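Close look at the chain arrangement
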Amino acid sequence: MPNTSIVFKVLIFSFAAALILTTTYQGGSAPRLAKQAPGEPAERAGRPYEVVHGWPVFSEGFLLGHVTGVGVDSHNHVFVFHRADHSIMGKTFEEPISSPVILCFDGRTGALVTSWGANRFLLPHGLRVDQDDNIWVTDIGLQQVLKFNHDGELLMAVGEKGVAGLDGKHFNKPTDVAVAPDGSFYVSDGYGNSRVGKFSAKGEFVFDWGHKGDHPGEFDTPHGIAMDRQGRIYVADRSNARIQVFKGDGTFLRQWKSPELGRPWALSFGPDGCLYVVDGGDLKPWPPDRSHILKLDINGNILERWASFGNYDGQLFWGHDIAVGRDSAVYVGDILGRRVQKFAR
């Protein structure tokens, strides 16, 4: 007959070992694949980026409103566009926001460098920094696209203030801007018009394309827009859950749509020539939902994917805009999360 004391000790040791192994797998890092399988997103081979905790740095008592836009200039200054006390979804505002809504942070330290834009904006949306460090924004309440210099001086306003329309001088809730090297620019327009418009460097209307629909060249909430080095135009066609690619003259080239890509809300090119995308989820009124940051090559292949839905550091609630610095740091504005986060390798 076996020694009951020895059997008992063996059982206790076995149970403890199994418990330790189980706890490590569930609460720690999952096993990493030695090599990424063909066609699999890189998130399964490890997390490519980590959130930078404590970035940016705010003064005591300060809170961001809905963060709708983010961009990075050549000096590694990060511009953040937020709605301050107009951060109430679905409400119509008649008076401009009294506090500065464009905040400029040092990309390395997170310190606030400057802020401006008080008493000018109604409902901030997209933000883009061009090659000359000008700041372009869209305001879906003002129905305008506005161009500022680095210090906040207004250089150009396109669209009749407060008047929606569908022609060369009006927008209907424009969402984003892509600026060409010659200063001409494209506008994703937007919540109301479901089109893309091209304008000269002086703000003169050139042409537009698209209307509401789900066929190639049609849009349903074109929410973000970007241009690559070859002059191709990429549109985050949000409600159609796809990215459409066009020539600069509006000729349709291709579309990318897949469960892995999700629902693109915003996109921006990095210094590596890759396209960075925010999948902001499916606009669900309550959790659970989905949220990812993705890095794509110009053929639409997913090279890396990270982040998830939630309100912890490194997670996103409604990822609304994305920008990439010259040092390859990735910045994401989170509208319902009311924050901007920095991700670095």
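Every chain is numbered on its own, with residues counted from 1 as its sequence reads. Local features in this predicted model are restricted to residues of pLDDT 70 or higher, and side-chain atom pairs are both shown and tallied only at a pLDDT of 80 or more, whereas totals for entire chains, interfaces and linings draw on every residue. Only hydrogens and water are set aside; all other atoms, that is, all heavy atoms of the structure, feed into the side-chain values.

1. With respect to the overall build of the protein chain
Each helix and strand counted, the protein chain has one helix and 24 strands in total. A burial count over the protein chain gives 53% of its 345 residues as buried. For the protein chain, restricting intrachain contacts to residue pairs at least 6 apart in sequence, the fraction spanning at least 24 positions comes to 45%. When the accessible surface of the protein chain is totalled, it reaches about 16,500 Å², and 54% of it is carbon and sulfur. Note on conventions: DSSP H or I runs of at least 4 residues are helices, E runs of at least 2 residues are strands, and numbering of each starts at the N terminus. When accessible area is computed with a 1.4 Å probe and restricted to protein chains, residues below 20% of their type maximum are described as buried, those above 50% as exposed, and intermediate ones as partly exposed. By the convention used here, residues are in contact when the closest approach between their heavy atoms is within 4.5 Å. Per-residue and other accessible areas were derived by the Shrake-Rupley procedure at a 1.4 Å probe size, with only the shown protein chains allowed to occlude residues.

2. So, the pairing of strand 10 (residues 174-179)
Here strand 10 lies mainly inside the structure; six of its six residues are buried. At least two DSSP bridges between two strands are required for those strands to pair. Between strand 10 and strand 11 (residues 185-189), which follow one another and run antiparallel, lie five residues, and G183 among them has a positive phi close to 90°.

3. Considering the sheet that holds strand 19 (residues 275-279)
A sheet is described by the order of its strands in space; here four strands give the open sequence 18-19-20-21, paired in antiparallel fashion. Each having just a single partner strand, strand 18 (264-269) and strand 21 (302-306) make up the two edges of the open sheet. Averaged over all pairs of adjacent strands, the angle between their axes in this sheet comes to 20°, without regard to strand direction. As paired strands, strand 18 and strand 19 are joined by five bridges and run antiparallel to one another. By the bridge assignment, S268 is partnered in strand 19 with Y276. For every element, the axis is a line fit to its C-alpha atoms; helices are fit only across the contacting stretch, and the angle between N-to-C directions ranges from 0 to 180 degrees.

4. With respect to the packing of aromatic side chains
Two rings belonging to Phe, Tyr or Trp (six-membered ring only in the last case) form a pair when the distance between their centres is within 6.5 Å. Interplanar angles under 30 degrees mark stacking, angles over 60 mark edge-to-face geometry, and anything in between is tilted. Using the criterion set out here, one finds 22 aromatic pairs in the structure. Seen in terms of ring centroids, F309 and F317 are 5.0 Å apart; in terms of plane orientation they differ by 45°. Their pairing is tilted. Using a relative accessible area of 26% as the deciding quantity, one classes F317 as partly exposed. One aromatic cluster is present, built from ring pairs that chain together Y186, F207, W209, F219, F246 and F252. A ring is scored as having a charge over it whenever the NZ atom of a lysine or the CZ atom of an arginine sits within 6 Å of its centre and within 35 degrees of its normal. Of note, R238 hangs over the ring of W265, and the distance from its end group to the ring centre comes to 4.4 Å.

5. What to know about the sheet that holds strand 13 (residues 205-209)
As summarised here, the arrangement of the four strands in space is 10-11-12-13, forming an open sheet in which the pairing is antiparallel. Only two strands of the sheet have a single neighbouring strand rather than two, namely strand 10 and strand 13. Taken over all neighbouring pairs, the strand axes of this sheet differ in orientation by 20° on average, direction set aside. Pairing of strand 11 with strand 12 (residues 195-199) involves five bridges; the strand directions are antiparallel. The residue of strand 12 that forms the bridge with V187 is G197.

6. Describing the environment of I97
The topology assignment puts I97 in the loop between strand 3 (77-82) and strand 4 (102-106). Under the relative-accessibility criterion, I97 is labelled buried at 0%. I97 sits 24 residues away from F121 along the chain, and the two C-alpha atoms are 5.8 Å apart. With residues near it in sequence (within four places) discarded, I97 still touches R83, A84, D85, H86, A118, N119, R120, F121, L122 and P124.

7. What to know about the nonpolar core
Side-chain atoms within 4.5 Å are what join buried Ala, Val, Leu, Ile, Met, Phe, Trp, Tyr and Cys residues into a set we call a nonpolar core. Of all hydrophobic cores here, the largest spans 20 residues; its most connected members are F79, I102, F121, I135 and V137. Mapped onto this core, the elements with two or more residues apiece are strand 3, strand 4, strand 6 (124-129), strand 7 (135-139) and strand 8 (144-148). With sequence-adjacent residues up to four places away left out, I102 is seen in contact with F79, V80, F81, T114, S115, W116, F121 and V137. Listed in part, the 15 residues of the second largest apolar core include Y49, V51, A307 and F343.

8. Comments concerning the pattern of salt bridges
Salt bridges are counted wherever a side-chain nitrogen of Lys or Arg sits within 4 Å of a carboxyl oxygen of Asp or Glu. If you walk through the whole model with that rule in mind, you get 12 salt bridges. Between R263 and D282 there is a salt bridge, with the nearest N and O atoms lying 2.9 Å from each other. Of this pair, R263 sits in the loop between strand 17 (252-256) and strand 18 while D282 is found in the loop between strand 19 and strand 20 (292-296), placing the two residues 19 residues apart along the sequence. Of the residues examined, R263 reaches a relative accessible area of 19% and is grouped as buried. Counted as one network, the salt bridges with shared partners bring together R263, D279, D282 and R290.

9. Remarks on the pairing of strand 15 (residues 233-237)
In terms of residue burial, strand 15 counts as a mostly covered element, since five of its five residues are buried. A two-sided burial pattern is seen for strand 15, the buried positions comprising I233, V235 and D237 on one face and Y234 and A236 on the other. Here five bridges tie strand 14 (residues 222-227) to strand 15, and the two strands are oriented antiparallel to one another. From the neighbouring strand, P222 faces strand 15, where its bridge partner is D237. The hairpin turn running from strand 14 into strand 15, its antiparallel successor, is five residues long, and G231 in that turn takes a positive phi close to 85°. As paired strands, strand 15 and strand 16 (residues 242-246) are joined by five bridges and run antiparallel to one another. Looking at the pairing, I233 lines up with F246 of strand 16. Counting the residues in the hairpin turn of strand 15 and strand 16 gives four residues, including A241, whose phi is positive at 50°.

10. Here we look at unusual backbone geometry
For the bond running from D189 to G190, omega is 0°, close enough to zero to count as cis. Along the chain, G190 falls in the loop between strand 11 and strand 12. The backbone of Q143 shows a phi angle near 65°, a positive value even though the residue is not glycine. Of note, Q143 is situated in the loop between strand 7 and strand 8. Residue class for Q143 comes out buried when judged on its relative accessible area of 7%.

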